[in-house]
Amino acid sequence: MAPDRRNLASSGTKIRSGWCSHHRKQPRRMPAVTNAGTTTGSLSLVIMTVAIISSRVTFSTQKTSFVAAAAFFLEPHQLASIPSSRRGRNYARALKLRESSITASNNAAVSSPTAAALSLSGAGQSYDDFGSSSRLHTTPHSQIESITHNAKSLNPFGSHLERETIVSSLASGLAVSLAMVPEAISFAFVAGVSPLVGLWTTVFLGFLAAAFGGRAGICSSASGACSVVVASLCASHGPAYLSACAIMAGILQMIFGGYLGVGKWIRLVPHPVMLGFVNGLTVVMIRAQLVHFQTSTGSFLSWSSAAGKSMYGMTALTMLLVKTIPKIKQLRVVPPSLGAVTVCAILAKVLKIPVKTLSDVSGAETFRGGLSVLPTLSFPHVPFSIESLNIIAPYAVTMAAVGAIESLLTMQLLDGIADDGKRGSTRKECFAQGLGNLASGFAGGIGGCALLGQSIINAESGGLKSRLSGMSMAVFLALGIVAGAPLLASIPVAALVGVMFTVCVSTFSWSSLRILNKIPRLDAAIILLVSAITVKDDLAKAVVAGVVTSALGFAWRQSTSISAKESFVKIPSQRTEWKTYNLNGPLFFGSTTQFSTLFDVKNDPSDIIIDFTNSRVYDHSALEAINNVSEKYGEMGKKVHLRHLSRECGDLLKQLNGGDRPYELIESDPNTDPVYGVAL
């Protein structure tokens, strides 16, 4: 008779406590299962059964008792505490199975890795006769594995830390999905399409971009930057051309950014441009929220009106809750934005506050719910012709550039926020954005990119640890559109606006205002320039203008930094003095004019030395400048001695001259000459 579970529980207690005095002096090697919890122990029994089957060892058809399972895993001195009346008929068979599996593992005859791991889990010990102190067989330590470790590795729910990550990612995804709704709806209005189009664009683009993107935590949706670009296309040719534009933009991003790796050039974006991008985008987000405070005539709501009081009051309450919830110890596990929106929605419902809801903004048709709102996957109804391509291509190129730039800059900012020592992959991010735009285009969407504000909400809610946060955002939004439409429609717009205002306050680079008088004037001007162009036009133009201005400013500073220190060296053998020009600063296309003015060809002695120890020759223009100076000295019957050039630079000068020239002497010294290349 197999023992009942209650007796087993009591015997299990004895197993853990049973330790004879004559064993205390021996080195104790307890199996990990004795310290494992109930869940791990139960899972270990399941894995044991799998191991037995995989190693082609089967029990009899009779029911195997838990004590028999314990005989397989526990050590003999622990099994001694089990009364003989509770052992059952399978007890001896389990002992034999234990010894046979250990012997098989020592002979490397176990047929599967799982069975090998489990057969070695008996702490590497077996006895010829249970209960006696006879010969002890010890398995090598290199072959011993912990059954607890094996059980945890197969646990579908992971460790406690992994479960925390999953819970926080799901909660963060739910919070971001709520914040995505007003943005997707408003950007759909900007593009000139139905709010449902913007919402389903967020679902498709957000899921794929999060699943395959450059790093965890990035949230993508229909964006204002892309919607502004394609608004005129939709107005002139219809929504079908807009979806075709999204498909073409996605293909361009996948080819140029994902396959060719053009996105790596985002690393050349200087810091002032990043500050201008952040500040400008913050202004754009604030401007997008101000629409909700306006009446149909365009004027702002009055503070004394009921609508004004509810709108301003609930927005302020949401901002206060977002800042307060993280400070309450019991509520730290709740994402602040999710908690704030939930509290405001409940208050508005219970107190019957007259607030504007999502259904009021987008219309009841958007949140009718059911399967009828699901999009159909098909190619847009656009004729395949060169004429259509010429219409769509300019918008697609601009949209692809704007979307890629904003997504990559957002990824760089999240790299700094995460501070986990990891850098996002530009190739993966461009490919994921392209794939998302491609899918959203086939679903009738408008395309988009990563959103800085929602990504920061995700980061502050603990969503940077896993891609699950961005993916769950899309899933929750889709479920809300289909199954939870009435609940989603009743959310107050003021609560979501308050969340976005909080994000804007934390996103804006306030430090850039404090350092405007401390940094170079050019850098301050670039910050203001990029911010202004971002607000007025679009992000792509702003970034290009900022990078070009920064590059020109850098080139100008470097071009004016080259100088030369003059000195004279006596040459005893010739009883003359040679003049030496010790150069300082880079020699490149921008400094060649300044370089030519450093020399006094007419008054210099017959031999001069140009020492490049503290200078570097960077490009073809610099080589030509050296040749021109040497030719001027040669025409005067003088010689130029070039010292401390790199070997590559000297070889290139000889190639340009067709060989050595009598007035241009390249004096090399392998021990002191620098090593660098020349850009040609």
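Residues numbered from 1 in each chain as written. Predicted model: local features only at pLDDT ≥ 70, side-chain atom pairs only at ≥ 80, totals over all residues. Heavy atoms only, no water.

## So, the overall build of the protein chain
On a plain count of helices and strands, the protein chain comes out with 27 helices and 9 strands. Burial analysis of the protein chain (680 residues in total) assigns 48% to the buried set. (Helix = DSSP H or I, 4+ residues; strand = E, 2+ residues; numbered from the N terminus. Buried < 20%, exposed > 50% of the residue type's maximum accessible area, 1.4 Å probe, protein only.)

## Quick notes on the environment of Leu528
Position of Leu528 among the secondary structure elements: in helix α23 (residues 521–536). Given a relative accessible area of 54%, Leu528 falls into the exposed group. Distance from Leu528 to Gly280, taken between C-alpha atoms, is 8.7 Å for residues 248 residues apart in sequence.

## Concerning the pattern of salt bridges
Under the counting rule described, the total for this entry stands at 5 salt bridges. Asp604 is the salt-bridge partner of Lys579, the closest N and O atoms lying 2.9 Å from each other. Residue Lys579 is found in strand β6 (residues 576–587), and its partner Asp604 is found in the loop between α25 (592–596) and β7 (607–617); the two are separated by 25 residues along the sequence. Each of the two residues, Lys579 as well as Asp604, counts as buried. In this structure, Glu667 engages Arg643 in a salt bridge whose closest nitrogen and oxygen atoms are separated by 2.7 Å. Residue Glu667 is located in strand β9 (residues 664–667), and its partner Arg643 is located in strand β8 (residues 639–643); the two are separated by 24 residues in the primary sequence. Here Arg643 falls in the partly exposed class, since its relative accessible area comes to 29%. Several salt bridges converge on common partners, so that one network encompasses Glu566, Lys579 and Asp604. (Salt bridge = Lys/Arg side-chain N within 4 Å of Asp/Glu carboxyl O.)

## Describing the sheet that holds β7
Pairing is mixed in the open sheet, where 5 strands are placed in the order β5-β6-β7-β8-β9. The sheet is open, and its two borders are formed by β5 (563–571) and β9, each paired with just one other strand. Between one strand axis and the next, the sheet turns through 25° on average, direction left out of account. Pairing analysis gives 4 bridges linking β8 to β9, with the strands arranged parallel. The residue of β9 that forms the bridge with Leu642 is Ile666. This element, helix α27 (residues 647–657), spans β7, β8 and β9 of the sheet and lies at about 155° to β9. (Pairing = 2+ DSSP bridges. Axes fitted to C-alpha atoms, helices over the stretch in contact; angles between N-to-C directions. Contact = heavy atoms within 4.5 Å.)

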